[in-house]
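Chain residues, written in single-letter form:
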Number of protein chains: 2
Amino acid sequence: MTDAPAGRGEPVVVALDVGGTGMKCALVRPDGEVVHAERHPTGAERGPAAVVDTILDVAEGLAGKARADGLTPIACGIGVPGLVDDAAGVAVWSSNIGFRHVPLRDLTAARLGLPTALGHDVRVGGLAETRLGAGRDVGHVLFVAVGTGIAAAHVVGGSATAGAHGAAGELGHILVRPGGPRCGCGRPGCLEAVSSASAIGRRYTELARGALVTAAEVAARAAAGEELAGQVWQEAVDALADGLATAQALFDVETMVIGGGLARAGAQLFDPLRAALRERITFHREPRLVAAALGDEAGCLGAALLALDSLE
Amino acid sequence: MTDAPAGRGEPVVVALDVGGTGMKCALVRPDGEVVHAERHPTGAERGPAAVVDTILDVAEGLAGKARADGLTPIACGIGVPGLVDDAAGVAVWSSNIGFRHVPLRDLTAARLGLPTALGHDVRVGGLAETRLGAGRDVGHVLFVAVGTGIAAAHVVGGSATAGAHGAAGELGHILVRPGGPRCGCGRPGCLEAVSSASAIGRRYTELARGALVTAAEVAARAAAGEELAGQVWQEAVDALADGLATAQALFDVETMVIGGGLARAGAQLFDPLRAALRERITFHREPRLVAAALGDEAGCLGAALLALDSLE
């Protein structure tokens, strides 16, 4: 924790969680409290250079807002999707924004004159859930975000592992159904192609031969007793349980924190998922399966935590 | 590294690698050189208590042998299979030896009067390959042992990750073929049930309706052009590539070191395995795939390294 210089305002971190469609932005106190929040469209269709400009403008605006409110911005933290080299501060690759080797940390630090940290969106989300949310006080956590895509962060002792090239935790791209539906990455049978919210909507729509339906709508129809919706939902749950069982075999965690849009289904997801995971556990210890606690603020909070860590 | 007390002999570590059928034992210098090696049958059929007695007797004998040779035993390291709680020094569970919560570290330390470390056989093997063998100078390594079973050790910065309950790295028990052959663990379709040496022998024998054939014999017949053997070999290679691709998606390593009996097939394994893995890599970086360099000495060397680490 960093104290404000004498005679200045309370310290805050400028935090941005950059997604494919929107940016969640906040001023966060070192204790994790959000003192101001705002959202902006990412505007990815304008190309990565324009997105970088927006990120820098928004970050600068937030630092200015902090000062105007009598606060002292002490650092900036940014979470972005794709492959992220945390150590070098580079957004290496992103499918939905188009980043290719963007030195976003140094660009931001230069514009703001503040120490800046760059991290992966799901890894910083996992960091926040592990330090402030559903995985608090747990040594070995797997944070799994199930939304449009599926990705995970393995957090051990409060640090998320990035891997050798910033690409660890790609749970969405493990094989669960050989010869199954083709994934956006190009391979058939990836977990993301069966159990993500978008895959659930697509699968139901395909079988019902109707208009495109969301995963939330499939969940609602399944809850109302519609057989087809129930079947599609269970298929997704079974494949997700296969993926979590594989992750447990490799990581051996105590707790799995499930976040992202699909986790909003609550007991409708967690009850059958726990049962399916239990069926698949043989000699391993069954991990505790809990819902994420921080909602879509996790990314911003985690980006702030990463920035605070980098000050130490 | 630890220096010998003044006026005494060169320091050595008493190292044991306890397997289901045999124990590899050695006196190892702090620089990794083996100055004496011996083997003993494990005698697992006598039950775990008798195996523990043998381990203690053999370790004591090695310490005595060291002293008789003018060397100074400074520590003892033991690698065992199954679930191992490294931190507590307890052999928690083993299917082939029958260990159930055996405090092997403290038992050995008490008998020998030497600081003792206990580790998992594959994790200590990975430690040795990463510090002294094929994964030297690589930050992120996955060591994969493919023999009777399949298991892996994820070694980052020279340390193997054990997980929350000493059960990380169980690559043999990830799902690769839903509805496939039943694994020893009870689940159908585990990697070990398709790609281990024992699974290859079993599968060929089943299809050929003949006498039981080993994986080495299947490899030899495939090399000689026998179609059935070639098909069984390729099926195993394909499933192994699926398993390695899943591991890469989750761990993101630079190098995968393949050891165990199957790696002795050399190019007959590595050429098609590299090709199959390359086909499966989409946006991830392809890991370097290399053969283990230390052979079956890896376990002993790793147990010694673990013991030396614990002295620090």
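The rules behind each value
- Residues numbered from 1 in each chain as written.
- Chains lettered and ligands numbered in written order.
- Predicted model: local features only at pLDDT ≥ 70, side-chain atom pairs only at ≥ 80, totals over all residues.
- Heavy atoms only, no water.
- Helix = DSSP H or I, 4+ residues; strand = E, 2+ residues; numbered from the N terminus.
- Rg over C-alpha atoms; globule rule 2.2 N^0.38 Å.
- Buried < 20%, exposed > 50% of the residue type's maximum accessible area, 1.4 Å probe, protein only.
- Contact = heavy atoms within 4.5 Å.
- Areas by Shrake-Rupley, 256 points an atom, 1.4 Å probe, with all protein chains shown as cover.
- Least-squares fit on C-alpha atoms with pLDDT ≥ 70 in both.
- Pairing = 2+ DSSP bridges.
- Axes fitted to C-alpha atoms, helices over the stretch in contact; angles between N-to-C directions.
- Phe/Tyr/Trp six-rings, centres within 6.5 Å; stacked < 30°, edge-to-face > 60°.
- Expected span 1.5 Å × (residues − 1).

Chain A appears in an unreviewed UniProt entry as Glucokinase from Micromonospora coxensis.

Visitor: Where do I start with the overall build of chain A in this structure?
Guide: Across its full length, chain A carries 9 helices and 13 strands. Expected size for 312 residues packed as a compact globule is a radius of gyration near 20 Å; at 20 Å, chain A falls within 12% of this value. Projected onto the principal axes, the alpha-carbon positions of chain A cover approximately 65 × 45 × 35 Å. Put simply, chain A has 312 residues, and 57% of those count as buried. Here the contacts in chain A between residues at least 6 apart in sequence split such that 61% fall between residues at least 24 apart. Per element, the accessible surface of chain A, about 12000 Å² overall, is 51% carbon and sulfur.

Visitor: Is there a simple way to explain the relation of the copies chain B and chain A in this structure?
Guide: Each of the two chain copies goes to the other by way of a rotation about an axis and a shift along it. Of the transformation superimposing chain B on chain A, the axial component is 0.0 Å and the angular component is 180 degrees, with the fit at an RMSD of 0.0 Å. Both copies of the chain, as the preceding transformation shows, are related through a two-fold rotation axis. Minimal C-alpha distance to the rotation axis in chain B is attained by Val176(B), lying at 3.4 Å. The fraction of interface residues of chain B whose copies in chain A are also interface residues reaches 100%, indicating that both copies meet through the same surface.

Visitor: Would you explain the sheet that holds strand 6 (residues 90-93) of chain B in this entry?
Guide: The pairing of strands in a sheet comes from backbone hydrogen bonds and takes either a parallel or an antiparallel form. All names here are of chain B. Strand order in the open sheet formed by 3 strands is 5-6-7, with antiparallel pairing between adjacent strands. The sheet terminates laterally at strand 5 (83-85) and strand 7 (100-102), the two strands that pair on one side only. The mean inter-strand angle of the sheet, taken between neighbouring strand axes irrespective of direction, is 20 degrees. Pairing of strand 5 with strand 6 involves 3 bridges; the strand directions are antiparallel. From the neighbouring strand, Val 84 faces strand 6, where its bridge partner is Ala 91.

Visitor: Which parts of the structure should I look at to understand the packing of aromatic side chains?
Guide: In this description, a pair of aromatic rings is defined by centroid distance and the angle of the planes. This model, assessed by the stated rule, comprises 3 aromatic pairs over all chains. Aromatic pair Trp93(A) and Phe283(B): ring centres 5.8 Å apart, planes at 5 degrees, arrangement stacked. Here the residue Trp93(A) occupies a position in strand 6 (residues 90-93), and Phe283(B) occupies one in the loop between helix 8 (267-280) and strand 13 (288-291), the pair thus bridging two chains.

Visitor: Where do I start with helix 1 (residues 48-68) of chain B in this structure?
Guide: Since the α-helix packs 3.6 residues into each turn, any two residues three or four apart lie on the same face. Residues and elements named next belong to chain B. The end-to-end C-alpha separation of helix 1 is 30 Å, in line with the 30 Å expected for 21 residues at 1.5 Å each. For helix 1, the set of buried residues is Val 51, Val 52, Thr 54, Ile 55, Leu 56, Val 58, Ala 59, Leu 62, Ala 63 and Ala 66. Residues of helix 1 that are buried sit in contact with strand 1 (11-18), strand 2 (22-28), strand 3 (34-41), strand 4 (72-80), strand 7 and helix 2 (104-112).

Visitor: Sorry if this is basic, but what is going on with the pairing of strand 10 (residues 150-156) of chain B here?
Guide: Walk down a regular strand and you will see the side chains alternate between the two sheet faces. Residues and elements named next belong to chain B. Along strand 10, 6 of the 7 residues are buried, which leaves the element largely enclosed by surrounding structure. Two elements, strand 9 (residues 140-146) and strand 10, share 7 bridges in a ladder whose sense is antiparallel. Residue pairing across strands places Phe 143 opposite Ala 153, the latter belonging to strand 10. Taking the residues between adjacent antiparallel strands as the criterion, strand 10 and strand 11 (residues 159-160) are bridged by 2 residues, where Gly 157 takes a positive phi near 55 degrees.

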